[in-house]
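Summary of structural features
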Amino acid sequence: MMKVRKAVFPVAGLGTRFLSATKAMPKEMLPVVDKPLIQYAVEEALDSGIEQIIFVTGRGKSALEDHFDKSGELEEILRAKGKNELLKSIESVIPDSGTIIYTRQREMLGLGHAIWCARNVVGNEPFAVLLADDLIQSDTPVLSQMLKEFENLQSTMIAVFEVEPSETQKYGIIDAENISHNVKKVMGLIEKPTPEKAPSNNAIIGRYILTPEIFDILGQKKIGSGGEIQLTDAMASLLKDQSIYGYQFKGTRFDCGDKAGFLMANIAYALERPEIKPKLMPFINSIVK
Ligand code: G1P
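Attention here is on the structure that accompanies the text. (Residues numbered from 1 in each chain as written. Predicted model: local features only at pLDDT ≥ 70, side-chain atom pairs only at ≥ 80, totals over all residues. Heavy atoms only, no water.)

**Some remarks on the environment of Lys23**
- Following the sequence through the fold, Lys23 ends up in the loop between β1 (6-10) and β2 (31-32).
- A C-alpha to C-alpha distance of 9.2 Å links Lys23 and Gly60, two positions 37 residues apart in sequence. (Helix = DSSP H or I, 4+ residues; strand = E, 2+ residues; numbered from the N terminus.)

See below:
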């Protein structure tokens, strides 16, 4: 039986949709309430039992490495001032040394290329991919839900959810047949089709469990939608040799790569916090009147 121990985080993207905020700061460091997006995704992976985190990073992204490292001076100041809660909150961010491995994507050639950059670190075993832009609020981490299904399926899996038919152009879209209430057998995949060309409104969101066979296909470096090497296209090729399953997860997904989605995430997560909700709620009520 194949076990998933490693998770790849493509974090080299430029974040142009959030300029000027992301000019000197990685988009993955944008905060939802008081935690950067990347930390939610890393915590989801570690809470799901992942043992090794692989960041495919790029130029100008060193804040990500610093975030998951010790900060001697800050820790000393917090300790001296007795701010123990804050100290705990920054210490808990840091996984054991050696848990995170960084590799660089030299050129921005797309998601498929970013995943291919992790091939030597992943090796010959199944692995997870998490896109930090897709933030999912759920009781059980979505990756953990998927890993449970993977124990039976032992094949490539993608998280899917239904989008408005007019929105298909923003996502990878699958053609699929239901095999249970939350698992679909994928019959085809297409990256960002127009609504006329979309085989369904079942969209891929940024949680994948992939098998190492994907690396050979990605290594062919075929250019797809948007002039980029697309993971969706590679999975469409893989479908000839391997079953792929769509998993309808339990949870609410926020598109934090989009300004409105990012703000919705901030509001939703803030309303979960007892110290913030009493201040935020009256304000929301007052401005929606
Ligand atoms: C990527 C994938 C796409 C998927 C989406 C989920 O697109 O290429 O198939 O539906 O993530 O967020 P991106 O949002 O990076 O353009």
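**Points about the pairing of strand β10 (residues 183-191)**
- Relative to β10, strand β9 (residues 172-178) runs antiparallel, the two being bridged by seven bridges. Across the sheet, the residue bridging to Gly172 is Glu191, located in β10.
- In textbook terms, the turn of a hairpin is the stretch between consecutive antiparallel strands, and for β9 and β10 this stretch comprises four residues.
- Taken together, the three bridges between β10 and strand β12 (residues 244-248) define a ladder with antiparallel strand orientation. When the sheet's bridge partners are listed, Lys185 is paired in β12 with Tyr245. (Pairing = 2+ DSSP bridges.)

**Brief notes about the site of the ligand**
- Surrounding the ligand, one finds 14 residues, the nearest of these being Asp134, Gly172, Glu191, Lys192 and Ile204.
- Lys192 has a polar side-chain atom sitting 2.6 Å from an oxygen atom of the ligand.
- It is strand β11 (residues 202-210) that provides the largest number of residues to the shell around the ligand, a total of four residues.
- When the residues that make up the shell around the ligand are grouped by side-chain class, the tally is six nonpolar, four polar and four charged. (Near = heavy atom within 4 Å. Polar contact = N/O pair within 3.5 Å; in protein donor to acceptor, adjacent residues only side chain to side chain. Nonpolar A, V, L, I, M, F, W, Y, C, P; charged D, E, K, R; others polar.)

**Some words on the pattern of salt bridges**
- Tallied over the full model, the rule gives 17 salt bridges.
- Across the salt bridge formed by Asp34 and Arg273, the nearest N and O atoms sit 2.7 Å from each other. Residue Asp34 is found in the loop between β2 and β3 (35-36), and its partner Arg273 is found in the loop between α10 (259-271) and α11 (277-288); the two are separated by 239 residues along the sequence.
- One salt-bridge network, held together by shared partners, links Lys3, Arg5, Lys6, Glu51 and Glu125. (Salt bridge = Lys/Arg side-chain N within 4 Å of Asp/Glu carboxyl O.)

**Remarks on the nonpolar core**
- Judged by nonpolar contacts, the single largest core of 34 residues is most densely connected at Phe9, Ile38 and Phe55.
- For this core, the secondary-structure elements that each account for two or more residues are β1, α1 (37-47), β4 (52-57), β6 (127-130), α7 (142-153), β8 (156-162), β11 and β12.
- For Phe55, the residues in contact, after removing those within four places along its chain, are Phe9, Val11, Ile38, Val42, Leu64, Phe68, Ile100, Ile101, Tyr102 and Thr103.
- Counting residues in hydrophobic clusters, the runner-up holds 30 residues, among them Val56, Val129, Leu218 and Met235. (Core = buried A, V, L, I, M, F, W, Y, C linked by side-chain atoms within 4.5 Å. Buried < 20%, exposed > 50% of the residue type's maximum accessible area, 1.4 Å probe, protein only. Contact = heavy atoms within 4.5 Å.)

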